[in-house]
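# Close look at the chain arrangement
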Amino acid sequence: MNGFKKKLALLLVLAMCLTAFAACSGPETQEPEKAEDATTEQVAEEKTEEAASEAADTGGQKYFVFSSASPVIGLNPILNTTGPDNGLHNIIMESLVNDVADENDMAIAKPAGAESWEVSEDGKTYTFKLRENATWNDGVPVTAHDFVYTFQTMATPEVASTNAWLFDGVIVNFNEALYEGTVTPEEIGVKALDDYTLEFTLVKPFSYFLELLNGSKPIRQDKYEEWGTEYGTAPDKVVTNGPFVVESWDQNTQMTLVKNEMYWGKDDVKLDRIDRKIIGEAATAAQAFIGGDLDVLTTNDPDWKGMIMDSGNFNHMLTDGNNPEFLGFNAANEYFQHPKIRLAFSLAIDREKFVDELRDGEDEPLYSLFPHATNVGDKLYTELVGGKNEIIKDLMQEYPDPKALLIEGLTEAGLDPDPANMQVRYATRGTAEYSKKSAEWLLQQWHEKLGVTVTIDMMEWNIMWDKVDEGDYDIATSGWGPYYNDPNALLEIFQPESGYFNSHRSGWTGEDADTFAQLLEDASLEPDQQKRAEILLEAEKLLVGTGIIAPTYAPRSNTFLTKFVEGYHVNPHSQIDYTIIDTTGRP
């Protein structure tokens, strides 16, 4: 894939994340307005009669209500792939496997359209056995040919599939069909061995391939060709194969989903109905939750959070994040081209104190690039490498005095050894109060521990990225939201040639950068997950251990549930499994 197309694909990912989560890279998000006047008990009391009336109208149905700030744009899984779209598709459509959170909040690949699969010894061939009792919501059987048509359609340039990039460089001939035009879509490595057996041939092993499949919900050829551009524009212009179907859709107000009676696993689905409401204001959503109009709320606003927790009326979950925040150093800078100087600035940050004083003490301090929830295959990365990924902690033991390390680095570089004479700029990712407060906090740390006076460059995030593109920065606030659950999803963005933070942006060149690139390539060819994790650890040691970046924290989120909701499990890398949610105890 050429550089322009790779950049375009990455920007599309960022755009999708911006739509779904405010930003993949984790800038300041709009929190609910401060809670005033009404208490949880007062609001709940006012809603008692209304809730009782609504319960009477459901006819004994088990239902679940949640909200989103953004509407669903469309039901076409090939073209409509914003965050809200994907979230809805995961409820009404089913790929071969579902990437969901299990009862222990762990990310798993759950058999879905496929009841089983086998992987070849070299990790490059996946063979799926489809369920013979799976049907579309109109009763037509779902077959391997539907998935072949889906992937061939995604690989057709004229279609302009917005999620096709997921399989570029993954499935054999996918890139050649989609971007180069040297083969036809019919020649990609996806074939039906019979009506219920599907085979994928990959370019090389990809331990996260099953997770990628979650982004390939099927379409059916006859209906796709019949409805053309209208496919997915309305509930009666789409066929689906998931546990729920769309009953009604008012785009800017509410979508109502009901159990799909044609679904192969309908007897195990607990809910009869799901209501997806559109609530644009975070404070309005919080009030709706307290009042009993929503069954789930995610908020980190300290006032709303405190009010809800103090009431004792709701269950609470603190969920790990998957999107690390980090500082990027311009390795082409006269100071930061030297590893010891970069490391001194990284080690001078008290990450625990940062979280306590700026993040309400709830986020995860990072001593590795990877948040704790990161997997390699079906196991946690940190467990496979025996905790050796907490590289910053080891460096803190090796260099207990960051200022001494800084002076040593300055001296070895032939620069003025007095830290007070350094001229360093710190670019913020926004001009909001949090950006200002966190920047001032970091500057205070560097001044106290290093004797350096750093200048703050306050700027909006888009201006900051322009500066990074131009190499016009010393230290920049940064972060990333990985699309899939694997260390490679974060390490690959620093690939010196093709990564988003490539050598042009990071200034990172030379032997370490070349070795880093080779380690990523070696890891991509290793099917054994233990060995692969160890190779990725060596790559992380070059990235974090030489101070190209300084990981700081990973945001966690507070999720509240009404007491009667069961089976709602969350993992930052996975989708909610709506088939196991139960609201039997609803009053």
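The numbering scheme is per chain: residues are counted from 1 as the chain's sequence reads. Whole-chain, interface and lining totals are the exception, using all residues; otherwise, since this is a predicted model, local features are given only for residues with pLDDT of at least 70 and side-chain atom pairs are given and counted only at 80 or more. To obtain the side-chain values, all non-hydrogen atoms of the structure were used and water was disregarded.

Our focus in this paragraph is the overall build of the protein chain. Only DSSP runs of H or I with at least four residues qualify as helices, and only runs of E with at least two residues qualify as strands; both kinds are numbered from the N terminus onward. Summing up its helical and strand segments, the protein chain has 20 helices and 21 strands in all. Relative accessibility decides the category of a residue: with a 1.4 Å probe and only protein chains considered, values under 20% of the type maximum give buried, values over 50% give exposed, and everything between is partly exposed. Sorting the 587 residues of the protein chain into buried and exposed places 55% on the buried side. In what follows, a contact means two residues having at least one pair of non-hydrogen atoms within 4.5 Å. Sequence separation of 24 or more characterises 69% of the internal contacts of the protein chain that already satisfy a separation of 6 or more. Using a 1.4 Å probe, accessible areas were evaluated by the Shrake-Rupley method; residue-level cover was limited to the displayed protein chains. A total of about 24,500 Å² of accessible surface is found on the protein chain, and carbon and sulfur atoms cover 48% of it.

A few words now on the sheet that holds strand 19 (residues 475-479). Two strands make a pair as long as DSSP finds a minimum of two bridges between them. Spatial ordering of the open sheet is given by 14-20-13-19-17-18, a layout of six strands whose pairing is mixed. Strands at the two margins of the open sheet, each flanked by one partner only, are strand 14 (364-365) and strand 18 (454-457).

We now examine the side chain of T240. For T240, the location among the structural elements is in the loop between helix 7 (221-227) and strand 8 (244-250). Sequence-distant contacts of T240, defined by excluding residues within four places in its chain, comprise I92, M93, T135, W136, N137 and V245.

A pair of Phe, Tyr and Trp rings is counted when the ring centres sit within 6.5 Å of each other, with Trp represented by its six-membered ring. The angle between the planes then sorts it: under 30 degrees is stacked, over 60 is edge-to-face, the rest tilted. Counting across every chain of the model gives 38 aromatic pairs. Among the aromatic side chains, those forming a connected cluster through ring pairs are W117, Y126, F128, F151, F167, F174, F200 and F209. Across from the ring centre of Y500, 4.4 Å away, lies the NZ or CZ of R505, which sits over that ring. By definition, being over a ring means that NZ of Lys or CZ of Arg is both within 6 Å of the ring centre and within 35 degrees of the ring normal.

Each α-helix turn comprises 3.6 residues. Residues three or four places apart therefore point the same way. The end-to-end C-alpha separation of helix 20 (residues 529-545) is 23 Å, in line with the 24 Å expected for 17 residues at 1.5 Å each. Counting of polar contacts relies on pairs of N or O atoms within 3.5 Å, with two restrictions inside protein: one atom must be capable of donating a hydrogen and the other of accepting it, and residues adjacent in sequence are counted only when both atoms are side-chain atoms. The N-terminus of helix 20 is capped by D528, whose side-chain oxygen sits 3.1 Å from the backbone nitrogen of Q530. Trailing helix 20 by a residue or two, G547 shows a phi angle of about 75°, which is positive. For a helix, the expected span equals 1.5 Å multiplied by the number of residues minus one.

Salt bridges, as used here, are contacts in which a Lys or Arg side-chain nitrogen is within 4 Å of a carboxyl oxygen on Asp or Glu. For the structure shown, the criterion picks out 25 salt bridges. The salt bridge partner of D472 is R425, with a shortest N-O separation of 3.2 Å. Residue D472 is located in the loop between helix 16 (461-470) and strand 19, and its partner R425 is located in strand 17 (residues 424-427); the two are separated by 47 residues in the primary sequence. A relative accessible area of 29% places D472 in the partly exposed class.

For the rest of this paragraph, the subject is helix 15 (residues 433-450). Helix length check: helix 15, at 18 residues, gives a terminal C-alpha distance of 25 Å against a target of 26 Å (1.5 Å per residue), a fit within 8%. Along helix 15, the positions that sit buried rather than exposed are S435, S438, A439, W441, L442, L443, Q445, W446 and L450. Just downstream of helix 15 lies G451, where phi reads positive at about 75°.

Known as pLDDT, the predictor's confidence for each residue is given on a scale from 0 to 100. For the protein chain, the average pLDDT comes to 90, and 90% of its residues sit at 70 or higher. Note on residues 1-56: pLDDT under 50 across the span, and 90 contacts to partners over four residues away in sequence or across chains.

Here helix 8 (residues 282-290) crosses helix 9 (residues 302-311) at 5°, and the two axes come no closer than 11 Å. Judged by the angle between their axes, helix 8 and helix 9 are roughly parallel. Here helix 8 contributes A283, A286, Q287, F289 and I290 to the contact with helix 9, which in turn contributes W304, M307 and I308. Side-chain classes follow a simple rule in which Ala, Val, Leu, Ile, Met, Phe, Trp, Tyr, Cys and Pro form the nonpolar group, Asp, Glu, Lys and Arg form the charged group, and the remainder, Gly included, forms the polar group. Partitioning the contact of helix 8 with helix 9 into residue classes produces seven nonpolar, one polar and no charged. Axes here mean lines fitted to C-alpha atoms, for a helix over just the part in contact, with angles spanning 0 to 180 degrees between N-to-C directions. Here is the rule for angles: anything less than 35 degrees is roughly parallel, anything more than 145 is roughly antiparallel, 65 through 115 is roughly perpendicular, and the remaining ranges are oblique.

Here the focus is the sheet that holds strand 4 (residues 114-119). Working definition: the strands of a sheet are paired by backbone hydrogen bonds and lie parallel or antiparallel to each other. Strands sit in the order 4-5-7-6 across an open sheet of four strands; the sheet is antiparallel. Only two strands of the sheet have a single neighbouring strand rather than two, namely strand 4 and strand 6 (190-194). Going across the sheet, the axis of each strand differs from the next one's by a mean of 25°, ignoring polarity. The sheet contact formed by strand 5 (residues 125-130) and strand 7 (residues 197-201) spans five bridges and is antiparallel. Pairing of F128 across the sheet is with L198, part of strand 7. In the packing of helix 4 (residues 144-154) onto the sheet, the strands contacted are strand 5, strand 6 and strand 7, and the crossing angle to strand 6 comes to about 165°.

With that settled, consider the pairing of strand 5. Only one face of strand 5 is covered, namely the one carrying Y126, F128 and L130; the face carrying T125, T127 and K129 has none of its residues buried. Relative to strand 5, strand 4 is paired through five bridges, and the arrangement is antiparallel. Each bridged residue has a counterpart across the sheet, and for S116 the counterpart in strand 5 is K129. Hairpin connection of strand 4 to strand 5: five residues between the antiparallel strands, including G123 at a positive phi of 75°.

In the Ramachandran plot, D105 falls in the positive-phi region, its phi being about 60° despite a non-glycine side chain. Within the element layout of this structure, D105 appears in the loop between strand 2 (97-101) and strand 3 (107-111). Even without being glycine, D360 reaches a positive phi, approximately 60°. As for its placement among the helices and strands, D360 is situated in the loop between helix 11 (351-358) and strand 14.

Looking at the secondary structure, you find E362 in the loop between helix 11 and strand 14. Within the structure, the side chain of E362 is placed 3.1 Å from the side chain of K305, a separation counted as a polar contact. In terms of polar contacts, E362 uses its side chain to reach the side chain of N558, at 2.7 Å. If we ignore the near neighbours within four places in the chain, the residues touching E362 are K305, L318, V355, R556 and N558.

Once that is clear, we can look at the pairing of strand 18. By the bridge criterion, four bridges tie strand 17 to strand 18 in an arrangement that is parallel. What sits directly across from R425, in strand 18, is T455. Crossovers are described as right-handed under a simple rule: with the strands pointing away from the observer, the path leading from the first strand over the helix to the second runs clockwise. You can see the chain leave strand 17, run along helix 15 and come back into strand 18, and the turn it takes is right-handed.

A separate point is the environment of N313. Along the polypeptide, N313 turns up in the loop between helix 9 and strand 12 (314-319). C-alpha of N313 to C-alpha of L561: the two residues are 248 residues apart in sequence and 9.1 Å apart in space.

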